[in-house]
Amino acid sequence: MSSPNDEIEDSSAPLIEHLAELRTRLIRSVIAFLIGIVLAFVVAEPILQFLLGPIEETLRDLGDPSPTLQYTSPQEYLFTLFRISMVFGFALAFPVIGHQMWRFVAPGLYKSEKNAFLPFLIASPVMFLLGASFAHFIVTPLAMAFFLGFADVSSIFANLLAGGVQSLPPDTAVVPETEEGIRITFFGKVNESLDISLKFILAFGLCFQLPVLLTLMGKAGLVSAEGLGGVRKYAMVGILVLAALVTPPDVVTQLILFTVVYGLYEVSIFLVRRVEKKREAELRAQGVWFEDDEDEDPLMAEFDETDEEGKAR
């Protein structure tokens, strides 16, 4: 006859196994992340040049013949490269990390739940990449043009050329003379310029998760297409506030963000409606959908039908 202590030990065994598996998955994820950091650090400088491309193009358009960014502390540039390595190292390691998460969660899911959850796990990084691309190639150049449009970027170079500086050695630092006032021009820092680009990428990448999130909530029965459509006017106000917060005070950039996010909201309503129609078709095939209960949640109708059958038996 087993003692109570034996029963406690037997019941704790599965928990210990799950914790051991979780530890293994986390170790593999961390190793993949470290490898991703090393690989990203090797190409961190080209990545930095790519991320700073919008500000370079804007400075050239404003008259700067040789755009230059500076760093003011010995370790700043190295830390900037390391920061890039961490962000892009995580992006490189995400397939491995996502696979380890899936291998840990999947055994506890039913087959139907696996089929429902796996597409969202794939769609999420794809939508984030679309949002990041939209931010880098469209929003960031507009924001840089707006911010730097107030700076006197070209006049210092025009004065240098007009003053006959070409005759001086190329490494000679020359500051043009001014008769009155203080000359205000732009001398950008590497880390601050990179920070703006990364914030836009993160903000738009998260905004593009809206269809994935709402569709997943619709599949779980937490939201409905009718409910999302009913709060459309409040969603428009919220999107306008979001556009005002994450973009510069430029009407064009704000309208672009509002149009894109609101379009994603309408796409989310369409996807949730498709999920509801598919669920309705499945319930009709099972014979648990009633025309009189269309206003009722189909999941609750299915639960009530199962409960009544149990009482009858």
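What you are looking at is a predicted structure, and each value in this text was computed from that prediction instead of being measured. (Residues numbered from 1 in each chain as written. Predicted model: local features only at pLDDT ≥ 70, side-chain atom pairs only at ≥ 80, totals over all residues. Heavy atoms only, no water.)

Chemist: Which parts of the structure should I look at to understand the overall build of the protein?
Modeler: Broken down by element type, the protein carries 12 helices and 2 strands. Beginning at the N terminus, the succession of helices and strands in the protein can be written as α-α-α-β-α-α-α-β-α-α-α-α-α-α. The 313 residues of the protein split such that 29% are buried. When the accessible area of the protein is evaluated, it comes to approximately 20200 Å², of which 65% is carbon and sulfur surface. (Helix = DSSP H or I, 4+ residues; strand = E, 2+ residues; numbered from the N terminus. Buried < 20%, exposed > 50% of the residue type's maximum accessible area, 1.4 Å probe, protein only. Areas by Shrake-Rupley, 256 points an atom, 1.4 Å probe, with all protein chains shown as cover.)

Chemist: Looking at this structure, I do not really get the confidence of the model for the protein. What am I missing?
Modeler: It should be kept in mind that the predicted coordinates are not to be read in detail where pLDDT is low. Considering every residue of the protein, the mean pLDDT works out to 77; 74% of them sit at 70 or more. This model gives residues 6–11 a pLDDT under 50, and the stretch forms 1 contact once residues within four places in sequence are excluded. The low-confidence segment residues 155–168, where pLDDT is below 50, has 14 contacts with residues more than four positions distant or belonging to other chains. (pLDDT = per-residue confidence, 0-100. Contact = heavy atoms within 4.5 Å.)

Chemist: For this particular structure, what's the right way to read the UniProt feature "transmembrane region" (unreviewed entry) in the protein?
Modeler: The positions that UniProt labels "transmembrane region" (unreviewed entry) are, in the present scheme, residues 30–52, 77–97, 118–151, 196–218, 230–246 and 252–272. Taken as a whole, residues 196–218 contains 91% helix and 0% strand, while its terminal C-alpha atoms sit 34 Å from one another. In residues 230–246, helix accounts for 94% and strand for 0%; the two terminal C-alpha atoms are 26 Å from one another. (UniProt positions renumbered as here; feature names shortened; annotations may be inferred.)

Chemist: Is there a simple way to explain a nonpolar patch on the surface in this structure?
Modeler: Judged by side-chain polarity, Leu15, Ile16, Leu19, Leu22 and Leu26 come together as a nonpolar surface patch covering roughly 460 Å² of accessible area. Its place among the elements puts Leu22 in helix α1 (residues 4–42). Looking at Leu22, the relative accessible area reads 31%, which means it is partly exposed. (Patch = residues over 30% accessible without salt bridge, like charges linked within 9 Å, V, L, I, M, F, W, Y side chains within 5 Å. Salt bridge = Lys/Arg side-chain N within 4 Å of Asp/Glu carboxyl O.)

Chemist: Honestly, the environment of Ile35 in this entry has me stumped. Any pointers?
Modeler: Mapped onto the fold, Ile35 is located in helix α1. When the C-alpha positions of Ile35 and Leu92 are compared, they lie 8.8 Å apart, and in sequence the two are 57 residues distant.

Chemist: Sorry, what's going on with helix α11 (residues 251–286) here?
Modeler: Each turn of an α-helix holds 3.6 residues, which means side chains three or four residues apart point in the same direction. Over its 36 residues, α11 runs 52 Å from end to end, which matches the ideal 52 Å to within 8%, given 1.5 Å per residue. At the C-terminal side of α11, Gly287 shows a positive phi close to 75 degrees. (Expected span 1.5 Å × (residues − 1).)

Chemist: Explain helix α2 (residues 44–51) to me, please; I cannot follow it from the model alone.
Modeler: Along α2, the residues that are buried comprise Ala44, Ile47, Leu48 and Leu51. Each buried residue of α2 lies within a common arc of 100 degrees when the element is viewed along its axis, so the set occupies one face. Facing away from the buried side of α2 by over 90 degrees, the exposed positions are Pro46 and Gln49. (Arc of directions from axis to C-beta.)

Chemist: When you look at the packing of helix α8 (residues 210–219) against α11 in this model, what are you seeing that I'm missing?
Modeler: When two helices pack together, their arrangement is given by the angle between the helix axes and the distance between those axes. The contact between α8 and α11 brings their axes to 8 Å, and the two run at 25 degrees. It follows that α8 is roughly parallel to α11 by the angle criterion. The handedness of the crossing between α8 and α11 is right-handed. Where α8 abuts α11, its residues Leu210, Pro211, Leu214, Thr215, Gly218 and Lys219 lie against Val261, Leu264, Tyr265, Ser268, Leu271, Val272, Val275 and Arg279. Along the lines of polarity and charge, the residues of the contact of α8 with α11 split into 9 nonpolar, 3 polar and 2 charged. (Axes fitted to C-alpha atoms, helices over the stretch in contact; angles between N-to-C directions. Parallel < 35°, antiparallel > 145°, perpendicular 65-115°, else oblique. Left-handed = near helix turned anticlockwise from the far one by under 90°. Nonpolar A, V, L, I, M, F, W, Y, C, P; charged D, E, K, R; others polar.)

Chemist: Sorry if this is basic, but what is going on with the environment of Tyr262 here?
Modeler: Mapped onto the elements of the fold, Tyr262 is located in helix α11. When residues no more than four places from it in sequence are discounted, the contact partners of Tyr262 are Arg232, Met236 and Ile239. At 3.5 Å, the side chain of Tyr262 forms a polar contact with the side chain of Arg232. (Polar contact = N/O pair within 3.5 Å; in protein donor to acceptor, adjacent residues only side chain to side chain.)

Chemist: Could you clarify how one ought to interpret the pattern of salt bridges in this entry?
Modeler: Pairing is possible between side chains of opposite charge, provided their charged atoms come close. Counted by the stated rule, this structure contains 6 salt bridges. In this structure, Lys199 engages Asp195 in a salt bridge whose closest nitrogen and oxygen atoms are separated by 3.2 Å. Of this pair, Lys199 and Asp195 both sit in helix α7 (residues 190–207), separated by 4 residues, roughly a single helical turn. For Lys199, a relative accessible area of 54% puts it in the exposed group. Given the relative accessible area of 21%, Asp195 is considered partly exposed.

Chemist: Is there a simple way to think about the nonpolar core in this case?
Modeler: It is characteristic of soluble globular proteins that their nonpolar side chains tend to be buried jointly. Ranked by size, the top nonpolar core spans 26 residues in total, and within it Phe200, Phe204, Phe208, Leu228, Ile239 and Tyr265 carry the most contacts. The set of elements that each furnish at least two residues to this core consists of α5 (111–148), α7, α8, α9 (225–230), α10 (232–246) and α11. Top contributing element to this core by residue count: α11, with 8 residues. When residues no more than four places from it in sequence are discounted, the contact partners of Ile239 are Phe258, Val261, Tyr262 and Tyr265. Counting residues in each nonpolar core, the second largest holds 16 residues, with Leu51, Ile55, Leu59 and Val190 among its members. (Core = buried A, V, L, I, M, F, W, Y, C linked by side-chain atoms within 4.5 Å.)

Chemist: How should the side chain of His136 be read in this particular structure?
Modeler: Within the element layout of this structure, His136 appears in helix α5. Owing to a relative accessible area of 6%, His136 belongs among the buried residues under this scheme. A polar atom in the side chain of His136 sits 3.2 Å from the backbone oxygen of Phe50. In contact with His136, not counting residues within four places along its chain, are Phe50, Leu51, Pro54 and Pro141.

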